[in-house]
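Summary of the model geometry
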Amino acid sequence: MNINISYMEVITYEDIGFGLIAGALAHALKESGRDYHITATSRHLEPVKAAVADGIVDVAAPAVDETFTQCDIILLCTPVITITEYLTKLKAIANPDCIITDVGSVKTIIHEAADSLGLNDRFIGGHPMAGSEKTGYENSSSSIIKGARYIITPTKETKPEKIEFMKQFASDVGMNPIVMDYHVHDKSVAAISHVPHLLSTALVHVVSDNDDEEKHMQLLAAGCFRDMSRVAASSPEMWEQICLTNSSAISNILEQYIEMLETIKDALLEATAQSDIQSDNQNVTLEEQKIIDLIIDNPNITQNELAKALNVTERTIKRRMKTMQDKDLIKRENGKRNGKWVVNANI
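In this convention, every chain numbers its residues from 1, walking through the sequence in written order. With the structure being a predicted model, the display of local features is reserved for residues of pLDDT at least 70 and the display and counting of side-chain atom pairs for 80 or more, all residues being used for whole-chain, interface and lining totals. Working from all heavy atoms in the structure, the side-chain values ignore hydrogens and water.

**Re the overall build of the protein chain**
Secondary structure elements are taken from DSSP: a helix is a run of H or I of four residues or more, a strand is a run of E of two residues or more, and numbering for both begins at the N terminus. Secondary structure summary: the protein chain contains 13 helices and 10 strands in total. What you see for the protein chain is a C-alpha radius of gyration of 27 Å, clearly larger than the 20 Å of a compact globule of 347 residues, by over 25%. With respect to the three principal axes, the spread of C-alpha positions in the protein chain is 85 × 50 × 30 Å. Under the scheme applied here, a residue whose accessible area is under 20% of the maximum for its type counts as buried, over 50% as exposed, and between as partly exposed, the area being computed with a 1.4 Å probe on protein chains only. Counting across all 347 residues of the protein chain, residues that qualify as buried make up 43%. Note that the radius of gyration is over C-alpha atoms, with the globule rule given as 2.2 Å times the number of residues to the power 0.38.

**Some points on the packing of aromatic side chains**
Centres within 6.5 Å are what make two rings of Phe, Tyr or Trp a pair, Trp counting through its six-membered ring; a difference in plane orientation under 30 degrees is then read as stacked, over 60 as edge-to-face, and the rest as tilted. Throughout the structure, instances matching the rule amount to two aromatic pairs. Ring geometry for Y150 versus F169: centroids 6.1 Å apart, planes at 85 degrees, classification edge-to-face. One end of the pair, Y150, is in strand β7 (residues 149–153); the other, F169, is in helix α5 (residues 160–172), and 19 residues separate them in sequence. F169 shares its class with Y150; the two are buried. Any Lys NZ or Arg CZ found within 6 Å of a ring centre and within 35 degrees of that ring's normal is scored as a charge over the ring. A cation over an aromatic ring shows up here: R332 above the ring of W341, its NZ or CZ 3.9 Å from the ring centre.

**Notes on unusual backbone geometry**
Comment: phi is negative for the bulk of residues other than glycine, and the bulk of peptide bonds are trans. One non-glycine residue, K215, lies in positive phi territory at about 55 degrees. Relative to the helices and strands, K215 is located in the loop between α6 (182–210) and α7 (216–220). At N311, a residue that is not glycine, the phi angle is positive and equals roughly 60 degrees.

**Thoughts on the environment of E164**
Looking at where E164 falls in the secondary structure, it is placed in helix α5. It is 9.9 Å that separates the C-alpha atoms of E164 and P177, two residues lying 13 residues apart in sequence.

**Brief notes about helix α2 (residues 46–53)**
Buried residues of α2: P47, V48 and A51, and no others. When α2 is viewed along its axis, its buried side chains cluster within an angular range of 100 degrees and face the same direction. The exposed residues of α2 that point more than 90 degrees off its buried face are E46, K49 and A53. Residues of α2 that are buried sit in contact with β2 (36–42) and β3 (59–60). Two residues or fewer past α2, G55 is found with a positive phi of approximately 80 degrees. Taken from the helix axis, the directions to the C-beta atoms give the arc we talk about. Whether two residues touch is decided by their heavy atoms; if any such pair falls within 4.5 Å, the residues are in contact.

**Focus on the pattern of salt bridges**
Salt bridges are identified by distance alone: a Lys or Arg side-chain nitrogen within 4 Å of an Asp or Glu carboxyl oxygen. This model, assessed by the stated rule, comprises nine salt bridges. One salt bridge in this structure joins D172 and R34, with 2.5 Å as the shortest N-O distance. Placement of D172 in helix α5 and of R34 in the loop between α1 (20–31) and β2 is noted, with a sequence separation of 138 residues between them. Assessed through its relative accessible area of 10%, D172 is described here as buried. Via salt bridges that share partners, E262, D266 and R320 belong to a single interconnected network.

Now the structure itself:
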């Protein structure tokens, strides 16, 4: 079967034209042994022309035009926030039987756009779960995607035969197709892809901000740091758009992660505090002093109010105050559970 496939790569930043994932998919399709006829377009056509010269792309289209009317499948390889615009154009151009899909790492915003345009019977979300910190067609190869997962997110109107087509397409490029609800997809990738990228970037900044003039941290950085910081080298423009379009799911996961870090920090402080208790019951940490100051100002302050004032979780406050009571730094008046707080006069 001769299958016409078109890639659209519209760039909002200079580094990417007919980019890494589009190039990797095109390489894999040409290596699949099936008769794929590939058309590609891009705001900057140089990478597309290079792909034609390499025998990876058959036709370099100058723009989104009638070239796309006879396609069996169109892949939108654009930044997520620009896909809506191109869905609108394709609605008028693509034939009714053509599958319109994408390779974006966020799905909800795209599905909502497809629904508002009445494209639920033609659009199927897609996400090849592969990539690299490198960008551009020149760094693409089929090895980037081979064996990875290809997430397929149908709409409520997607016909079974179109889902099977997408599963076959994923298999043809050497990937493992997984059909999934797009809401589940966005929550999942927030946890296993988007938040880890933010953590990687944050780690690089923390180390940079705390390194000395001789760059000792950079000098000593080895395998663990390199593994954790590698993805921070990815395109900041691309990741900014990903985060902005999946902000709710990312924020939810980040909140839980921050709470877990607070728990770890508290455990470390508590271990230190227990050691301090053995040597000096009146040794007060900086965090404890902040609580003491707030109690002195308002002996009736609640743990919830303390948590808000110190910008930590209420669970964190409960742990810290338990430690402070063990150290005899604070206590409840007359031992009453709901009595006002009293600070040890010897502090």
